[in-house]
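Understanding the architecture of this molecule
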Amino acid sequence: QATVLDVLMDPPFRFHPTLERHPKGYRLFCCDQEHVEYVKKYFPKEVPYVSFMPHVGAEVKSGGPAIPFKERKYDILFSASYYHPQSQMDKMKGLFPGQPDMWRFYQQMFENLVKDSSLTIEGAVLGTLHQFGLSVTEDMLKMLLNRSLYVDWAIRMYHRGRVVEALAQAGLEVSLLGPGWEDHPSFGRPNVHRLDAQVPYRESLTYMADARINLNVMPWFKAGAHDRIFNTLLRRSLPLTDPSSWLAEHFTDGVDMVFYDLDHLEQLPDLAGRLLTDPAKAEGMIQKGYEKVSRGLTWSNCAGWLLEAAAPAWGKGDHRA
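Residues numbered from 1 in each chain as written. Predicted model: local features only at pLDDT ≥ 70, side-chain atom pairs only at ≥ 80, totals over all residues. Heavy atoms only, no water.

1. Examining the pattern of salt bridges
- All chains considered together, the criterion is met by 14 salt bridges.
- A salt bridge links Arg21 to Glu20, with the nearest nitrogen and oxygen atoms 3.7 Å apart.
- Across the pair Asp101 and Arg104 runs a salt bridge, and its minimum N-O distance is 2.1 Å. Here the residue Asp101 and the residue Arg104 both occupy positions in helix H4 (residues 100-115), the gap between them amounting to three residues, near one helical turn.
- What makes Asp101 exposed here is its relative accessible area of 52%.
- The class of Arg104 is partly exposed, set by a relative accessible area of 46%.
- Through salt bridges with shared partners, one network takes in Asp10, Arg14, Asp152 and Arg156. (Salt bridge = Lys/Arg side-chain N within 4 Å of Asp/Glu carboxyl O. Helix = DSSP H or I, 4+ residues; strand = E, 2+ residues; numbered from the N terminus. Buried < 20%, exposed > 50% of the residue type's maximum accessible area, 1.4 Å probe, protein only.)

2. Describing the sheet that holds strand E8 (residues 238-241)
- Here we have six strands laid out as an open sheet, ordered E6-E5-E4-E7-E8-E9, and parallel in their pairing. Only two strands of the sheet have a single neighbouring strand rather than two, namely strand E6 (192-196) and strand E9 (258-259).
- Two strands pair when backbone bridges link them, and strand E5 (residues 174-177) and E6 are joined in this way by four bridges, in the parallel orientation. Considered in E6, the bridge of Leu177 is made with Asp196.
- Across the sheet, helix H8 (residues 201-208) is in contact with strand E4 (74-79), E5, E6 and strand E7 (211-216); its angle to E4 comes to roughly 155°.
- Contacting E4, E7 and E8, helix H9 (residues 227-234) runs over the sheet at an angle of about 155° to E8. (Pairing = 2+ DSSP bridges. Contact = heavy atoms within 4.5 Å. Axes fitted to C-alpha atoms, helices over the stretch in contact; angles between N-to-C directions.)

So this is what it looks like as structure tokens:
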């Protein structure tokens, strides 16, 4: 019997059909520890094997030394897409035509996520059901979770927009690489630079290597990470990110990474400004973070984990979990 390995790069609530119907010998990996618990909770029989595997970064091929910190083109680079949050919420109407109650449910859910940045999508669904005094079957609950994909996009975009606006309003030089930023309020400011709408993944790494700071806004992974962070360190740049429980466990703020708080973005411009004006400190953090990521969070490491999972000797312990 063949072993089928499935590595999810997004939350499992988006992939219910795959979790319900898949080949035998199926082994699932999720990039957030809470995603693992979600699968165990809602699909315990359908998915007997699920484990945590963090995102990883792409190793740098030999091509000369890193660009010196002071000589880089970009102060702060954000490689990500942006769409107006309400445009994502409006897509919910297409999922439930003629059902205004469902629209109101998801709109309230989005408002709850805005109020509490610690909520997961599952927590927001359950909390909104309680708020409305609704009791649903497990099948109905799974449907509500699965159809939350546009709410998930909306809350990601909401916070991407807030973070960029905080930096832009403070006058910091921000460069944006990705589609949709023409719809952001900061578009057109002299200190906000649109580099390109979209480039191939490999080319985006070249941009990251030419930035002093690479910005990250977690894609609502509360107990995981994102490859943007690790690619940043592997390109000898400094990641500036909101934290997760996994990141806080494996990295140290101000030592090998820098964390900001989504609930206190008024502090972000000063934090970024101090990093830009203290190259020695920034380079010290980059070196420590680079060493940690290059040792254990690359695609070579990922290949090893997958080979281990496919091997008959699997079961001797999972060093990633």
